[in-house]
Amino acid sequence: MAESELEASAWAKPTDLLGRFLYAVSVGLALVGAAILFMVCALSAYSVLGRWLFSEPVLGDVELVQMGAALSIAACLPYAQMRNAHIIVDFFTLKAPPAIKRGLDIGAALLLAVCAAVLGWRSVVGGIESYHYGESSMILAWPLWWSFLMLGPGFFLLSLTSLYTAGRLIHPPKGAA
């Protein structure tokens, strides 16, 4: 099997139990993230129209958009990792041999796993500390701890999906070799 076919099979929809589980959870979380993003867009449009037509924007719209966008992004990243849908700048590797590209993909997936785990951990710690200190948003005075804690699951799942995809690149699925 050619190297490009091997790489494509590593990014195919998983057939093993762990892969199917991570994929299903990633899809579910991405759907939640998409719903949140849709609500953020609707809120933003409503606020702009309210400001334009009635000089009455939605109070705290910027805070809600910031929180919603962060949650949406964290929720959608694991699915993007499972589908290899991240933006890739391949200007320097365009003509590199497939083995080099595969090595870089493995390294990137492992680095992403570490970074996502750290972000998940610090989000949870930040949420706990925010709760203890009683931090709240400026305009709405909503507690901030819940938004920090809600980021954690997306980042932890991203870390797991990154480890899984790195493993699939290192040890391609049976039938791919």
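Everything below is about the structure shown above.
Predicted model, so just to flag it, every value in this text is computed and none were measured. (Residues numbered from 1 in each chain as written. Predicted model: local features only at pLDDT ≥ 70, side-chain atom pairs only at ≥ 80, totals over all residues. Heavy atoms only, no water.)

A. Region of interest: unusual backbone geometry. Phi is positive for Ser55, which is not a glycine, with a value near 55°. For Ser55, a relative accessible area of 57% puts it in the exposed group. Located in the positive-phi region is Ala141, a residue other than glycine, with phi close to 60°. Mapped onto the secondary structure, Ala141 falls in the loop between helix H4 (98-133) and helix H5 (145-170). (Buried < 20%, exposed > 50% of the residue type's maximum accessible area, 1.4 Å probe, protein only. Helix = DSSP H or I, 4+ residues; strand = E, 2+ residues; numbered from the N terminus.)

B. Quick look at the nonpolar core. Counting 6 residues, the largest nonpolar core is built from Leu71, Ala74, Ala116, Leu151, Phe155 and Leu158. Mapped onto this core, the elements with two or more residues apiece are helix H3 (61-82) and H5. The element contributing the most residues to this core is H5, with 3 residues. With residues near it in sequence (within four places) discarded, Leu151 still touches Ala70, Leu71, Ala74 and Ser123. (Core = buried A, V, L, I, M, F, W, Y, C linked by side-chain atoms within 4.5 Å. Contact = heavy atoms within 4.5 Å.)

C. Quick peek at H4. For H4, built from 36 residues, the straight-helix expectation of 52 Å at 1.5 Å per residue is met to within 8% by its first-to-last C-alpha distance of 51 Å. Just downstream of H4 lies Gly134, where phi reads positive at about 70°. (Expected span 1.5 Å × (residues − 1).)

D. The pattern of salt bridges, seen in detail. This model, assessed by the stated rule, comprises 1 salt bridge. Between Arg51 and Asp61 there is a salt bridge, with its nearest N and O atoms 3.7 Å apart. Of the two residues, Arg51 sits in helix H2 (residues 17-54) while Asp61 sits in helix H3, which places them 10 residues apart along the sequence. (Salt bridge = Lys/Arg side-chain N within 4 Å of Asp/Glu carboxyl O.)

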